[in-house]
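Each chain, written out:
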Amino acid sequence: MKELKVLTVCGAGVGTSTLLRMNINDAFKSFQLPFRVKVENTSLSRAKGVACDLMVTFESFAADARKCCPDVIVIQNLMDKNELKAKIGTYLTDKKFI
């Protein structure tokens with residue numbers, strides 16, 4: 001794998017998903033990965049037309065996100081960097097990336 005494409009998804013694709021993107025970028029940097037991670041923020045409606053490896057979103061968007069992407073991380077608090085790092089770590093371990 002050369003690149004892992006991650007989408008952060010919220011309703012409008014502007015405010016919340018942008019903050020989430022920044023925090024997700026920081027969380028991925030804490031892992032020693034042999035590939036590039038590209039994180040983009042978008043709205044749920046736009047995410048439906050974008051191929052990605054992973055979506056990170058909130059409970060209110062999770063069911064629709066799973067229709068677009070088989071791998072979805074649902075977060076409770078976008079500012080909780082420990083939650084983000086733990087859930088990303090679980091994802092990376094489950095996928096045998098680390």
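Calculation notes
- Residues numbered from 1 in each chain as written.
- Predicted model: local features only at pLDDT ≥ 70, side-chain atom pairs only at ≥ 80, totals over all residues.
- Heavy atoms only, no water.
- Salt bridge = Lys/Arg side-chain N within 4 Å of Asp/Glu carboxyl O.
- Helix = DSSP H or I, 4+ residues; strand = E, 2+ residues; numbered from the N terminus.
- Buried < 20%, exposed > 50% of the residue type's maximum accessible area, 1.4 Å probe, protein only.
- Patch = residues over 30% accessible without salt bridge, like charges linked within 9 Å, V, L, I, M, F, W, Y side chains within 5 Å.
- Areas by Shrake-Rupley, 256 points an atom, 1.4 Å probe, with all protein chains shown as cover.
- Expected span 1.5 Å × (residues − 1).
- Arc of directions from axis to C-beta.
- Contact = heavy atoms within 4.5 Å.
- Pairing = 2+ DSSP bridges.
- Right-handed = clockwise from strand over helix to strand, strands pointing away.

> What should I look at first to understand the pattern of salt bridges in this one?
If the charged atoms of two oppositely charged side chains come close together, the side chains can form a pair. Counted according to the given criterion, the structure contains 7 salt bridges. Linking Lys81 and Asp26 is a salt bridge whose minimum nitrogen-to-oxygen distance equals 3.7 Å. Here Asp26 lies in helix α1 (residues 15-29) and Lys81 lies in helix α4 (residues 81-94), a separation of 55 residues in the sequence. Using a relative accessible area of 45% as the deciding quantity, one classes Lys81 as partly exposed. On the accessibility criterion, Asp26 (38% relative accessible area) is partly exposed. Because the salt bridges share partners, they merge into one network encompassing Lys5, Lys38 and Glu40.

> Could you clarify how one ought to interpret a nonpolar patch on the surface in this entry?
Together, Leu19, Met22 and Met79 line one region of the surface with nonpolar side chains, adding up to about 290 Å² of accessible area. Structurally, the position occupied by Leu19 is in helix α1. For Leu19, a relative accessible area of 38% corresponds to the partly exposed category.

> I keep staring at α1 and nothing clicks. Help me out?
Residues spaced three or four apart along an α-helix point in a common direction, a consequence of the helix completing one turn every 3.6 residues. When the terminal C-alpha atoms of α1 are compared, their 22 Å separation across 15 residues agrees well with the 21 Å that a helix rising 1.5 Å per residue should span. If you check which residues of α1 are buried, you get Ser17, Leu20, Asn23, Ile24, Ala27 and Phe28. What you see down the axis of α1 is that its buried residues fit within an arc of 140 degrees, all on one side. Elements in contact with the buried residues of α1: β1 (3-10), β2 (36-43), β3 (54-58), β4 (72-75) and α4.

> What's the story with the pairing of β3 in this structure? I'm lost.
One face of the sheet, then the other: side chains in a regular strand alternate in exactly this way. Judged by how many residues are buried, β3 sits mostly within the fold: 5 of 5 residues are covered. Sheet topology note: the β3/β4 ladder contains 4 bridges and is parallel. Opposite Phe58, over in β4, you have Ile75 as the bridge partner. Taken together, β3, helix α3 (residues 59-68) and β4 constitute a β-α-β crossover, and its handedness is right-handed.

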